[in-house]
Amino acid sequence: MRYSFVILLGFLLEVSCHAEISAKAEADNTIPPVIVEGKVEGVPDGTIVELTVRYKKSDGYLGGVSDKDTIVGGKFRIVHIPEDKDEEEFLITTPRKPFSLPFYASVGTVTKITGKGLDNEAWRVENDNELQKERNEYRSYIDENIPDYYDRRGIPYLKNPADYEEAQKESERLEYQYVTCMIQFLEKKEYNPVFAKVLAGISSRIHQFKFDSETRENAVKLLSKVPFNVSEENDGFIAYARQALEQPKYFPLRIGEEMHDFTLYDHNGKEHHLNEFNGNGKFLLIEFNSRTCVGCMEHRPMDFLNNVYKNHSDKVDMLMVNCDDPYFWEQECKDEKKWGRDPWHEWNDHKACKNIMQRYDVDGPTYYFISPDGVILGKNKGEESLSSSFEKYFKLYK
């Protein structure tokens, strides 16, 4: 009887709390909150959990963290007040961890998250949102067909980071299983936002690991399910899938070749060219990155970059090629405080850098080391520390 009373009391308190929040929202003429309650195992106390919002139909999430909480006793609770009543897609991340958890939720509702371990994409999401229910179907299909998928991925990197080549091979084998499995499942589904997100995910893997042409063709066939009125402007995930699956316009540059020139623009709209660095007697460090990629910014090696700028700017020019789409680049130009700004060059091509990313083989944060006369000395996509690459190619690091 006492146990039942405690449960009932807890339920009444929760209802009362939600009613109070809703009443306050109505009184303040604000949008009802999205509440996220988590209960996870094997995650250290003090771990920060961050919530980020996807912007409408883009393929990215708003830069900066909307809300966050700290895990205590395996629990966390985030109350997010939306700026837009149509907000429905969110991302859960834990800083310095390689994976993230996308999910759908409706305003004025509670989302329950459970799971084990630090791979938060393996956590489970439960709420009343219809798109999230469908996303859970995809997750169940993976669990049935590749039961150890979330246990295996990332482990080679974490257990043996020095053996990068073998880790890459193991990751490729696992992701090939995932892509094959998801293509089979998508063949049974029709286009909707969940379909688009999953297709973008497998397209990214096909592009990253350069899977065989048959796998790519099977994924391309799935694009036929997309209605004719869905364009790059109103579905960023489909736009990304098309970009990743299309036959490349450019072949990737190789070490020893000359840097390929592109037209880019700075924060003031001034036109620039990559080759304007040639012949000035300095090396060039190019960083390809995205300020709307929460994980990319979280893992960005600022100690290294600041050290290069502080100690070697007399011998090394620095450029960040910002790969964000035109909408976000415009926002970043307007609001330096929100998005961040470095003291070195940062340019964007106003086209989401699609051709640039093909030419420079970019599918995530990538660094190129260029000689004073514009020749590619080397690149780094995570194979080794940037300080090691810097010393190897420029012989300047200290």
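Everything below is about the structure printed above this text.
Figured I'd write up the structure that's included with this text. (Residues numbered from 1 in each chain as written. Predicted model: local features only at pLDDT ≥ 70, side-chain atom pairs only at ≥ 80, totals over all residues. Heavy atoms only, no water.)

Okay, the overall build of the chain next. A tally of helices and strands in the chain yields 14 helices and 15 strands. For the chain, the residues scored as buried account for 45% of the 398 residues in total. Pairs at least 24 apart in sequence give 67% of the contacts found in the chain among residues at least 6 apart. For the chain, the computed accessible surface area is about 20,500 Å², with 51% contributed by carbon and sulfur atoms. (Helix = DSSP H or I, 4+ residues; strand = E, 2+ residues; numbered from the N terminus. Buried < 20%, exposed > 50% of the residue type's maximum accessible area, 1.4 Å probe, protein only. Contact = heavy atoms within 4.5 Å. Areas by Shrake-Rupley, 256 points an atom, 1.4 Å probe, with all protein chains shown as cover.)

As a further point, take helix α2 (residues 130-145). Under the 1.5 Å per step criterion, the end-to-end length of α2 is 23 Å for 16 residues, consistent within 8% with the ideal 22 Å. One side-chain oxygen at the N-terminal end of α2 lies 2.9 Å from the backbone nitrogen of Leu131; it belongs to Asn129. (Expected span 1.5 Å × (residues − 1). Polar contact = N/O pair within 3.5 Å; in protein donor to acceptor, adjacent residues only side chain to side chain.)

Turning our eyes to something else, we now look at the pattern of salt bridges. Taken as a whole, this structure holds 27 salt bridges when the rule is applied. Arg124 is the salt-bridge partner of Asp143, the closest N and O atoms lying 2.3 Å from each other. Here Asp143 is found in helix α2, whereas its partner Arg124 is found in strand β8 (residues 124-126), with 19 residues between them in sequence. Residue class for Arg124 comes out partly exposed when judged on its relative accessible area of 35%. A salt bridge links Arg291 to Glu346; its shortest N-O distance comes to 2.9 Å. Of this pair, Arg291 sits in the loop between β11 (283-289) and α9 (294-298) while Glu346 sits in strand β13 (residues 345-347), placing them 55 residues apart in sequence. Assessed through its relative accessible area of 6%, Arg291 is described here as buried. Note on Glu346: relative accessible area 4%, which makes it buried. (Salt bridge = Lys/Arg side-chain N within 4 Å of Asp/Glu carboxyl O.)

What follows deals with the packing of aromatic side chains. Going through the model one piece at a time under the given rule, you end up with 22 aromatic pairs. Consider the rings of Tyr309 and Trp344, whose centres lie 5.6 Å apart with planes at 50°: the pair is tilted. Here Tyr309 is found in helix α10 (residues 302-312), whereas its partner Trp344 is found in the loop between α12 (336-339) and β13, with 35 residues between them in sequence. When its relative accessible area of 8% is taken as the criterion, Trp344 is described as buried. Site record: aromatic cluster; members linked through ring pairs are Phe283, Phe304, Phe369, Phe390, Tyr393 and Phe394. (Phe/Tyr/Trp six-rings, centres within 6.5 Å; stacked < 30°, edge-to-face > 60°.)

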